[in-house]
Amino acid sequence: MAGNDAQRAFRDALGTFATGVTIATTIGESGEPVGVTANSFNSVSIDPPLVLWSLAKSSYSRSAFAESGHFAIHVLAATQEGLSNDFARRGGDKFAGVDWRGGALGSPVLGDYAALFECRTRHQYEGGDHVILVGEVIAHDARDVAPLLFHGGRYAERRPRPGASEPSVDIEHGRFTDDFLFYLISRAHFQTSRPTRDKLARFGMDMGQYLTLALLSMDRPLAADAIAARLAHTGHAPDAAALAAMVAKGLLVEGGEGWELTEAGRERLVETLAIGQAFEADLADHFTAAELAETKAVLRRIIELTGADVPIGWRG
Ligand SMILES: Cc1cc2nc3c(=O)[nH]c(=O)nc-3n(C[C@H](O)[C@H](O)[C@H](O)COP(=O)(O)O)c2cc1C
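Cut-offs applied
- Position labels on residues start from 1 in each chain and follow its written sequence.
- With pLDDT at 70 or above as the cut-off, local features in this predicted model cover only qualifying residues; side-chain atom pairs require 80 or more to be listed or tallied, and sums for whole chains, interfaces and linings still use all residues.
- Side-chain calculation: all heavy atoms of the structure are included, whereas hydrogens and water are not.
- The way it works is that DSSP assigns letters per residue, a run of H or I at least four long becomes a helix, a run of E at least two long becomes a strand, and they are numbered from the N terminus.
- Taken over C-alpha atoms, the radius of gyration is set against a globule rule of 2.2 Å times the number of residues to the power 0.38.
- Exposure is judged per residue with a 1.4 Å probe applied to protein chains only, and the accessible area is read against the type maximum: over 50% gives exposed, under 20% gives buried, and values in between give partly exposed.
- In what follows, a contact means two residues having at least one pair of non-hydrogen atoms within 4.5 Å.
- Each accessible area is a Shrake-Rupley result for a 1.4 Å probe, and residues are judged covered by the shown protein chains and nothing else.
- In this count, Lys and Arg are taken as positive residues and Asp and Glu as negative ones, while His and the chain termini are left out.
- To locate a charge, take atom NZ for lysine, CZ for arginine, CG for aspartate or CD for glutamate.
- Note on pairing: DSSP must find at least two bridges between two strands before they are called paired.
- The angle between two axes is taken between their N-to-C directions and runs from 0 to 180 degrees, where each axis is a line fitted to C-alpha atoms and a helix contributes only its stretch in contact.
- By convention in this text, a residue qualifies as near a molecule or strand provided that one of its non-hydrogen atoms is within 4 Å of it.
- Nitrogen and oxygen atoms within 3.5 Å of one another constitute a polar contact, given that in protein one can donate a hydrogen and the other can accept it, and given that sequence-neighbouring residues count only through two side-chain atoms.
- Under the scheme applied here, ten amino acids are nonpolar (Ala, Val, Leu, Ile, Met, Phe, Trp, Tyr, Cys and Pro), four are charged (Asp, Glu, Lys and Arg), and all others, including Gly, are polar.
- Think of a nonpolar core as a cluster: buried Ala, Val, Leu, Ile, Met, Phe, Trp, Tyr and Cys residues, connected wherever their side-chain atoms sit within 4.5 Å.
- Bear in mind that the domain bounds are from an automatic or database domain assignment.
- The quantity reported as buried area is the accessible area (1.4 Å probe) lost by two parts once they are put together, taken as the sum for both.

A. Highlighting the overall build of the protein chain. Across its full length, the protein chain holds 10 helices and 16 strands. The C-alpha atoms of the protein chain give 28 Å as radius of gyration, which overshoots the globular expectation for 316 residues (20 Å, by more than 25%). If you line up the protein chain on its principal axes, its C-alpha atoms span 80 × 50 × 45 Å. Counting over 316 residues, the protein chain shows a buried share of 31%. Here the contacts in the protein chain between residues at least 6 apart in sequence split such that 61% fall between residues at least 24 apart. Looking at the protein chain as shown, the accessible area adds up to about 18,800 Å², and 55% of this sits on carbon and sulfur atoms. Across the protein chain, the 30 positively charged side chains and the 41 negatively charged ones have centroids separated by 2 Å.

B. The arrangement of the side chain of Ser107 in detail. Following the sequence through the fold, Ser107 ends up in the loop between strand E7 (100–102) and strand E8 (108–110). Among residues more than four places away in sequence, those in contact with Ser107 are Thr25, Thr26, His70, Phe71, Ala72, Arg101 and Gly102.

C. Examining the sheet that holds strand E10 (residues 130–142) more closely. Ordered by their spatial adjacency, 7 strands build an open sheet running E3-E2-E6-E9-E10-E5-E4, and the pairing between neighbours is antiparallel. Only two strands of the sheet have a single neighbouring strand rather than two, namely strand E3 (33–38) and strand E4 (42–45). This sheet shows a mean twist of 35° between the axes of neighbouring strands, independent of strand direction. Sheet analysis places E4 next to strand E5 (residues 50–56), joined by 3 bridges and oriented antiparallel. Of the residues in E5, the one forming a bridge with Ser43 is Val51.

D. Summary view of the site of the ligand. Around the ligand lies a shell of 19 residues, among which Ser40, Ala56, Ser59, Ser61 and Gly91 are the nearest. Contacts to the ligand include Lys94, whose side-chain N or O atom sits 2.9 Å from an oxygen atom. When the ligand is considered free in solution it has 640 Å² of accessible area, and contact with the protein chains removes 83% of it. Of all the elements in the fold, those that place two or more residues in the shell around the ligand are E3 and E5. Taken together, the residues that form the shell around the ligand break down as 8 nonpolar, 8 polar and 3 charged.

E. Spotlight on the nonpolar core. Counting 20 residues, the largest nonpolar core has Met205, Tyr210, Leu213, Leu216, Ile227, Leu252 and Trp259 as its most contacted members. Mapped by element, the contributors of at least two residues to this core are helix H5 (194–203), helix H6 (207–218), helix H8 (240–248) and strand E16 (258–261). At 7 residues, H6 tops the list of elements feeding residues into this core. In contact with Leu252, not counting residues within four places along its chain, are Thr212, Leu213, Leu216, Leu243, Met246, Val247, Trp259, Glu260, Leu261 and Thr262. With 15 residues, the next largest nonpolar core counts Ala24, Phe65, Phe71 and Val137 among its residues.

F. Representation of the domain arrangement of the protein chain in the model. What the domain assignment lists for the protein chain is domain 1 (3–156) and domain 2 (173–309). The centre of domain 1, based on its C-alpha atoms, is set 45 Å off from the matching centre of domain 2. On the domain 2 side, the residues contacting the 4 residues of domain 1 number 4 residues. Both faces combined, the contact of domain 1 with domain 2 buries some 330 Å², and carbon together with sulfur accounts for 58% of it. Its largest share of buried area at the contact with domain 2, domain 1 owes to Asp144, Val145 and Ala146, together 75% of the area lost on that side. Remark: the boundary between domain 1 and domain 2 carries 1 residue pair in polar contact (both at pLDDT 80 or more).

G. Region of the structure containing unusual backbone geometry. Look at the link from Asp47 to Pro48: it is a cis peptide, with omega at 5°. Looking at where Pro48 falls in the secondary structure, it is placed in the loop between E4 and E5. The peptide bond linking Arg220 to Pro221 adopts the cis configuration, its omega dihedral lying at 0°.

Here it is, written out as structure tokens:
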């Protein structure tokens, strides 16, 4: 193989080793923050706690990492691909617009990461066109967020393999295990809807009244029996008393063709929906985009398979 082809083949072979992605930071001669994207990070020793990574000798940041005596490693979250690209640029002020502070040893510590290792530089080894930096970890932190991965020269996301399955229902002890899909769906439903239900309770509303607002925001006017039919699958179809209570609160009006939302009803719906949306946004940080897309696809399919009367507008 010609030189370039041989190098390409060597890189491709190395690229089969899937890694996380980190940003290593330190300070330069004048105290300026310095940082570089690196996936050569790895663990070395538990006691004493040591980690390593390797830095190209051609890197602009080389002298800063060689001289400072400390560095911080930030294992990146799946949402930080843009930051990874920014720190993979050569030179320039990579910290402009980035949230960071001075760490325990002086290395810049970024505001966001999946894990952080603040290190004192213990050894620097010659490694061909790279220098291998070994650091003693003096502080570390980890957050429960999905990590960014790198494989085959591309960013990737994790996809956990299904674990060994336990029996779903333990009849002897009368309990469900977490391998029972319906148990998981309903438990996830109860837990994720809790902030919304708490909010409704503060408004003095029940789930049927909330679903009525949501239904009428998409399809109106609707007669009372049409509302009951459309919400039958939820087990929360409002009766005449529930609709009358909403009229008394100024949320609904009944016109000639059926029930309509009032402006107050629309505002109440938007305010309640916002609780769920904020909760979902926080929760989404713990998963990769691929995991979320796959989960949505599975749930949509379950909805299709289990109820033909589910309104199309609710499947988004
Ligand atoms: C995913 C990824 C992983 C990288 N890993 C390393 C690495 O381990 N060591 C290294 O020296 N450069 C690595 N780089 C390249 C550097 O980030 C890049 O050369 C950067 O421009 C160096 O910055 P500097 O020249 O300003 O120091 C990586 C780049 C990417 C995108």
